[in-house]
Amino acid sequence: MRFIGNIEAKADSKGRVFFPATFRKQLGEECTEGLVMRKDVFQPCLVIYPSKVWNGEMDALRARLSRWNAAEQQLFRQFVSDVEIVSLDTNGRLLIPRRYLALAGIEREVKFIGMGDTIEVWNASMASKPFLEPEVFGQKLQEVMEPTKEDNQEQV
């Protein structure tokens, strides 16, 4: 699954929002089986994980943390317990629980941003916050993607 794009929607008074059709098609049966939603660790948005992606994230984190270290166990507990299992109704709407609406500052206007294997849900007025200015973006992308000496040697 590769979720890409930037799609606007509106939440109703109950917190229901039409889930973008392009993302629904990609999810297939996972839409009705349940998705995992959590507040993003770094940004004021929500993250929707298909169950396979969530299970992989949880397994990767578990593998790095010891069950016998209190601080690491607390970190794992907080990561996995602060989630909500959500699914789409028969009309293709996602009900965002009230506490998550509050955590992300979502009132009415919503923006879904495809992030590869996950989908972010933003208050539309804040959705530009995680983006760089175009000039800075180009510069940073060039820095990251510019071949290193090691890359050049591997090509020989």
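Quick note: structure is the one above.
Residues numbered from 1 in each chain as written. Predicted model: local features only at pLDDT ≥ 70, side-chain atom pairs only at ≥ 80, totals over all residues. Heavy atoms only, no water.

## Details of a nonpolar patch on the surface
Move 1: Together, Leu-132, Val-136, Phe-137, Leu-141, Val-144 and Met-145 make up an exposed nonpolar region whose accessible area comes to about 590 Å².
Move 2: The topology assignment puts Val-144 in helix α6 (residues 134-145).
Move 3: We classify Val-144 as exposed; its relative accessible area is 64%. (Patch = residues over 30% accessible without salt bridge, like charges linked within 9 Å, V, L, I, M, F, W, Y side chains within 5 Å. Areas by Shrake-Rupley, 256 points an atom, 1.4 Å probe, with all protein chains shown as cover. Salt bridge = Lys/Arg side-chain N within 4 Å of Asp/Glu carboxyl O. Helix = DSSP H or I, 4+ residues; strand = E, 2+ residues; numbered from the N terminus. Buried < 20%, exposed > 50% of the residue type's maximum accessible area, 1.4 Å probe, protein only.)

## Brief notes about the side chain of Arg-62
Move 1: Here Arg-62 shows up in helix α3 (residues 51-64).
Move 2: Here Arg-62 is in contact with Arg-67, Gln-73 and Phe-76, once residues within four sequence places are set aside. (Contact = heavy atoms within 4.5 Å.)

## Structural notes on the environment of Pro-50
Move 1: Positionally, Pro-50 belongs in strand β4 (residues 46-50).
Move 2: What makes Pro-50 buried here is its relative accessible area of 2%.

## Section: the nonpolar core
Move 1: Membership of the largest hydrophobic core comes to 23 residues, with the highest contact counts inside it found for Phe-19, Leu-94, Ile-96 and Phe-112.
Move 2: Within the residue set of this core, elements represented by two or more residues are α1 (21-27), β3 (35-39), β4, α5 (98-104), β7 (109-114) and β8 (119-123).
Move 3: The element that contributes the greatest number of residues to this core is α5, accounting for three residues.
Move 4: With near-sequence residues (within four places) excluded, Phe-112 lies in contact with Gly-5, Asn-6, Ile-7, Ala-9, Val-17, Phe-18, Phe-19, Pro-20, Phe-23, Ile-119, Glu-120 and Val-121. (Core = buried A, V, L, I, M, F, W, Y, C linked by side-chain atoms within 4.5 Å.)

## Some details on the pairing of β4
Move 1: Burial analysis of β4 places five of its five residues in the buried class, the great majority of the element.
Move 2: Burial of β4 is two-sided: the residues Leu-46, Ile-48 and Pro-50 facing one way and the residues Val-47 and Tyr-49 facing the other way are all buried.
Move 3: Relative to β4, β3 runs antiparallel, the two sharing five bridges. Bridging across to β4, Arg-38 finds its partner in Val-47.
Move 4: With three bridges joining them, β4 and β8 adopt antiparallel strand pairing. Bridging across to β8, Val-47 finds its partner in Glu-120. (Pairing = 2+ DSSP bridges.)

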